[in-house]
Amino acid sequence: MRKNETRANKITMSSIEKHSEKRAPELMKSAVYEEEVGNGKVITYWIPDDQIQNLIPVSMIIKDPQNKSWLDLFNEQMERLNEDGWGLTDYYPIKAKFSLDKKNQTLDVNVPSDHPYGQGAANEKFIDILKKDIASNSNLKKVRLFTNGKPGIEFGNYGNIPELTIEPEKNHAFLFYYPNKNESPFLVPTIESFKTIKDALIAMKKDLPDYGLKKSMMFELQEKDLAVRNKTLHVSVKKDSKIKDDQQTLFSYEALLLTAKEFGLEKVVINDAPLKQIGPFHFSEENKVPIAPNLRNIDY
């Protein structure tokens, strides 16, 4: 009995000791990846930051058992966005009616006569947001604009605009934007586009103080060893480079993945890294680029 009691005590104490150990917090991915979507659908909204300088892409995975169109999901979810809680400008829902002309593959956007998008910086952001929202969520190439059912929307800086052409933007670098001094950044594409991915990686090493953006590149890369093969980016890390196994470095790696995607690449491999992995990412293996940046959950 004593032996059994002693053994039981040891097991109990061992369990307590294990549970009382301080474990390092699990590193979390910030973007949306293919394996996480399952049967859901991804919708991305572009939301102005609190200074209305940058447009921040915010994505969500939506369960869709009824197999609704992207536009139905877009309309339903934009009323649930938590811009204030994310440190961004309260912009949605957009004061407009969106309808899809399937025959002509065109989106019709009808604003009321008292809409707030016609003057100052607001009209520029409205146009940019429309273009980015549509490009991120569909393959549509054309938008027709209406005011109270009549063709065209009057924009103070541009005059009356009856339609927009949607052209997906590419070749940007992803930097960090910290809302309200938050420790976790949003990953945001630069306004400037770059001729080569090497140029984009160099841009990731610099802050853009005029836009409130911070550098995102925490890796000291051997730029001369950069290579692209079979839609995969191969990069090497300098031998004396010190890479931390922490959350900010993981975000930096995701910024690298998103920047690679901007140039039509599908995977990234880091050679000779001093660490084998950060969080779920094994550096020497091919890691797929994300589907969309900045995953956020919405409470229903």
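Heads up: the structure comes first, above all this text.
Caption draft 1: Quick look at the overall build of the chain. Within the chain, the secondary structure is distributed over six helices and 17 strands. Here the chain holds 300 residues, and 44% of them are scored as buried. Put simply, 64% of the contacts in the chain that link residues at least 6 apart link residues at least 24 apart. Carbon and sulfur atoms form 47% of the exposed surface of the chain, whose accessible area is close to 17300 Å².

Caption draft 2: Representation of the pattern of salt bridges. According to the stated counting rule, one finds 13 salt bridges in the structure shown. Note that Arg 144 is salt-bridged to Asp 101, the shortest N-O span being 3.0 Å. In this pair, Arg 144 is assigned in strand 5 (residues 142-147) and Asp 101 in strand 3 (residues 97-101), connecting sequence segments 43 residues apart. Classification of Arg 144 by relative accessible area gives partly exposed; the value is 27%. Exposure remark for Asp 101: the relative accessible area of 17% places this residue in the buried category. Note that Asp 108 is salt-bridged to Arg 144, the shortest N-O span being 2.7 Å.

Caption draft 3: Highlighting empty space enclosed by the protein. What the rule picks out here adds up to one cavity of 30 Å³ or more. Estimated volume of the largest cavity: approximately 40 Å³. Among the secondary structure elements, those contributing two or more residues to the lining of the largest cavity are helix 3 (70-77) and helix 4 (121-137). Considering only residue class, the lining of the largest cavity consists of eight nonpolar, no polar and one charged.

Caption draft 4: Representation of a nonpolar patch on the surface in the model. Together, Ile 191, Leu 208 and Tyr 211 line one region of the surface with nonpolar side chains, adding up to about 280 Å² of accessible area. As for its position among the elements, Tyr 211 is in the loop between helix 5 (197-203) and strand 12 (221-229). Given a relative accessible area of 34%, Tyr 211 falls into the partly exposed group.

Caption draft 5: A look at helix 6 (residues 247-262). For helix 6, spanning 16 residues, the distance from its first C-alpha to its last is 23 Å, which sits close to the expected 22 Å at 1.5 Å a residue. Most of helix 6 sits out of view: 13 of its 16 residues are buried. Immediately downstream of helix 6, the backbone of Gly 264 shows phi near 80°, a positive value.

Caption draft 6: Examining the environment of Phe 281 more closely. Counting through the fold element by element, Phe 281 comes out in strand 16 (residues 281-282). The exposure class assigned to Phe 281 is buried, which follows from its relative accessible area of 6%. Between the alpha carbons of Phe 281 and Leu 250 there is a distance of 8.4 Å; along the sequence they are 31 residues apart. Residues in contact with Phe 281, not counting those within four places in the same chain, are Lys 29, Tyr 33, Leu 250, Tyr 253, Glu 254, Leu 257, Lys 276 and Asn 287.

How each quantity is defined
- Residues numbered from 1 in each chain as written.
- Predicted model: local features only at pLDDT ≥ 70, side-chain atom pairs only at ≥ 80, totals over all residues.
- Heavy atoms only, no water.
- Helix = DSSP H or I, 4+ residues; strand = E, 2+ residues; numbered from the N terminus.
- Buried < 20%, exposed > 50% of the residue type's maximum accessible area, 1.4 Å probe, protein only.
- Contact = heavy atoms within 4.5 Å.
- Areas by Shrake-Rupley, 256 points an atom, 1.4 Å probe, with all protein chains shown as cover.
- Salt bridge = Lys/Arg side-chain N within 4 Å of Asp/Glu carboxyl O.
- 1 Å grid on protein atoms, 1.4 Å probe; cavity = no way out; pocket = protein on both sides within 12 Å on 5 of 7 lines; lining within 4 Å.
- Points joined across faces, edges and corners; volume = space filled by probe spheres on them.
- Nonpolar A, V, L, I, M, F, W, Y, C, P; charged D, E, K, R; others polar.
- Patch = residues over 30% accessible without salt bridge, like charges linked within 9 Å, V, L, I, M, F, W, Y side chains within 5 Å.
- Expected span 1.5 Å × (residues − 1).

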